[in-house]
Amino acid sequence: MSAQAALLRFAGLVLAVALTGCSGLATREPARVPAADTWTLEGRIALRLEEEGWHASVVWRQRPGSYRLRLQGPLGQGALELTGSAAGVILERADGRISQARDPDILLYQETGWQLPVSGLRYWVRGRPVPDIKARSRHDDQGRLVELHQAGWDIRYTDFFQTGALPRRIELVNGEVRVKLIIDQWQRLPAADEADDAS
C-alpha cells in the first residue's frame, strides 16, 4: 500500500470515528417544531467523495427570504459562511475573501470542490421534500419521512428528535458523494434575532 493510500485510509477512519462518536454527545430536544422559514439548527456534517473526506460544524439560521449557513473547521478551508436571499448568495472565507453567485450549490462547488445541496437541504433538514420538484418518498408507521429520492439525491432519515419528530440524523448520497448530517439542536429563531439579521 502506498503512503498516499495509507494516509487516505487513515483520514477515512478518523472521519468515521468522529461521526460514530457524535451519538454520545448531549443534544437538546426542540421545544416545538420550528416554523417553515424561521429556525436555527446546530450540528455536524461530514462529506465524502470517493477516498477523500471533510467534516465541519454547522450553524444554519433560516428566516423568511434569507438564510445564513456557517461551516466551521472543514479540512484545509477554515470557516466559511454562506449568506443567501432571492438576490443571490455570498460566500465569505475566514481570511475575508468574498465570492458571489446566484446558486449556492454551484458557488460552493466552484470555491471548495464540495458537492453540498444547500438549496435542497433547507427543506430536507426538516423532513420535507422541495416543493414542485418530482420526488419519491417513504414514511414510517408514525408518518415520519424516512426515505426521499429527489433532485438526484437519495436521502435517508435514521434518527429523530422525540418532540415534533424533527430529524436528528440524515444521510444523503448522489453518485460518489456521501453526506452525513447530525443535528444537535433545533431552535425557533427569536424575533429579535430576525430583526438583527435584517439590519
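Everything that follows concerns the structure shown earlier in this document.
Quick look at the structure, then. (Residues numbered from 1 in each chain as written. Predicted model: local features only at pLDDT ≥ 70, side-chain atom pairs only at ≥ 80, totals over all residues. Heavy atoms only, no water.)

**Observations regarding the pairing of strand 11 (residues 177-188)**
- Judged from the 11 bridges that link them, strand 1 (residues 39-49) and strand 11 form a sheet pairing that is antiparallel. Bridged to Ala46 within strand 11 is Lys180.
- For strand 10 (residues 167-174) and strand 11, the ladder comprises six bridges, and the chain directions are antiparallel. The partner of Arg169 across the bridge, within strand 11, is Ile182.
- Remark: two residues form the turn of the hairpin made by strand 10 and strand 11, two consecutive strands paired antiparallel; Gly175 in that turn has positive phi of roughly 65°. (Pairing = 2+ DSSP bridges. Helix = DSSP H or I, 4+ residues; strand = E, 2+ residues; numbered from the N terminus.)

**Topic: the nonpolar core**
- Judged by nonpolar contacts, the single largest core of 40 residues is most densely connected at Leu116 and Trp124.
- Residue contributions to this core peak at five residues, all from strand 11.
- When residues no more than four places from it in sequence are discounted, the contact partners of Trp124 are Pro117, Pro129, Val130, Leu148, Gln150, Ala151, Trp153, Ile155, Tyr157, Ile170 and Leu172. (Core = buried A, V, L, I, M, F, W, Y, C linked by side-chain atoms within 4.5 Å. Buried < 20%, exposed > 50% of the residue type's maximum accessible area, 1.4 Å probe, protein only. Contact = heavy atoms within 4.5 Å.)

**Observations concerning unusual backbone geometry**
- Its identity is not glycine, yet Asp132 carries a phi of approximately 65°, on the positive side.
- Positive phi values are uncommon outside glycine, yet Ala151 reaches one of about 55°.
- You can call Ala151 exposed: its relative accessible area is 52%.

**Quick look at the packing of aromatic side chains**
- Scanning the model with the defined rule gives five aromatic pairs in all.
- Aromatic pair Trp39 and Trp60: ring centres 5.8 Å apart, planes at 40°, arrangement tilted. With Trp39 in strand 1 and Trp60 in strand 2 (residues 52-63), this residue pair connects regions lying 21 residues apart in the sequence.
- A relative accessible area of 0% places Trp39 in the buried class.
- The exposure class assigned to Trp60 is buried, which follows from its relative accessible area of 3%.
- Sitting over the face of the ring of Phe161, Arg168 holds its NZ or CZ atom 4.3 Å from the ring centroid. (Phe/Tyr/Trp six-rings, centres within 6.5 Å; stacked < 30°, edge-to-face > 60°. Lys NZ or Arg CZ within 6 Å of the ring centre and 35° of its normal.)

Read these as geometric descriptors, not functional statements.
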